[in-house]
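Letter by letter, the chains look like this.
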Amino acid sequence: SSGINAEYGDHILRVNDGGLSYDVFPWIIGRVRKGEKSSQPVSMGACQEFMPIVLRFLHSDRDEYLHVALVMVQSLVERFQDQLGEMSRNHINSAQSANLESLYMILVKTVERVRALTNAHHQEVAKEANNALALLEKL
């Protein structure tokens, strides 16, 4: 994984502060969405390390945390869709498989919570949950 992302990710995980994580998620999401075209691509391993925070945000009672977590889930599925699809069809090389399998399992774990959020009071949260669920169900 590339230097700045891994170090920054480690820092966020160590600090484990919701506010700090929330502030940097738009930056991370931007990098994930750009993929390899980003000047600082976020590796699959780094994405996997952010997942505990994403999971925590998915169970938050704050709409802005829910929203950013759902956008992150969508971004991850879109970014790694091909590899995740191959994972579910068992066409995978072992070098990738540990991070991929871990990311896949964590994303699968989010499905029930994302499905529940499709009924959220907050319209933006419900909309993003529906978008995320549509992507997750294709895995």
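Figured I'd write up the structure that's included with this text. (Residues numbered from 1 in each chain as written. Predicted model: local features only at pLDDT ≥ 70, side-chain atom pairs only at ≥ 80, totals over all residues. Heavy atoms only, no water.)

Re the packing of helix H2 (residues 18-34) against helix H4 (residues 63-79)
Running from N to C, H2 and H4 point in directions that differ by 25 degrees, and their axes come no closer than 10 Å. In terms of axis orientation, H2 runs roughly parallel to H4. For the pair H2 and H4, the sense of crossing is left-handed. Mapping the contact onto sequence places Gly18, Gly19, Tyr22, Phe25, Ile28, Ile29, Val32 and Arg33 in H2 and Glu64, Tyr65, Val68, Val71, Met72, Ser75, Leu76, Glu78 and Arg79 in H4. A class-by-class count of the residues in the contact of H2 with H4 yields ten nonpolar, three polar and four charged. (Axes fitted to C-alpha atoms, helices over the stretch in contact; angles between N-to-C directions. Helix = DSSP H or I, 4+ residues; strand = E, 2+ residues; numbered from the N terminus. Parallel < 35°, antiparallel > 145°, perpendicular 65-115°, else oblique. Left-handed = near helix turned anticlockwise from the far one by under 90°. Contact = heavy atoms within 4.5 Å. Nonpolar A, V, L, I, M, F, W, Y, C, P; charged D, E, K, R; others polar.)

As for the pattern of salt bridges
Between side chains of opposite charge, a pair can form as their charged atoms come close. Summed over all chains, the structure comprises five salt bridges. The partner of Glu112 in a salt bridge is Arg115, and the shortest N-O contact between them spans 2.8 Å. Note that Glu112 and Arg115 are positioned in helix H6 (residues 94-117) at a spacing of three residues, about one turn of the helix. Arg115 gets classed as partly exposed once you look at its relative accessible area, which sits at 32%. Taken together, the salt bridges that share partners define one network made up of Glu112, Arg115 and Glu137. (Salt bridge = Lys/Arg side-chain N within 4 Å of Asp/Glu carboxyl O. Buried < 20%, exposed > 50% of the residue type's maximum accessible area, 1.4 Å probe, protein only.)

Examining the packing of aromatic side chains
In this description, a pair of aromatic rings is defined by centroid distance and the angle of the planes. Going through the model one piece at a time under the given rule, you end up with four aromatic pairs. Between Tyr22 and Tyr65 the ring centres are 5.2 Å apart and the planes differ by 25 degrees, which places this aromatic pair in the stacked class. Placement of Tyr22 in helix H2 and of Tyr65 in helix H4 is noted, with a sequence separation of 43 residues between them. Through pairs of rings, three or more aromatic residues link up here, namely Tyr22, Phe25, Phe50, Phe57 and Tyr65. (Phe/Tyr/Trp six-rings, centres within 6.5 Å; stacked < 30°, edge-to-face > 60°.)

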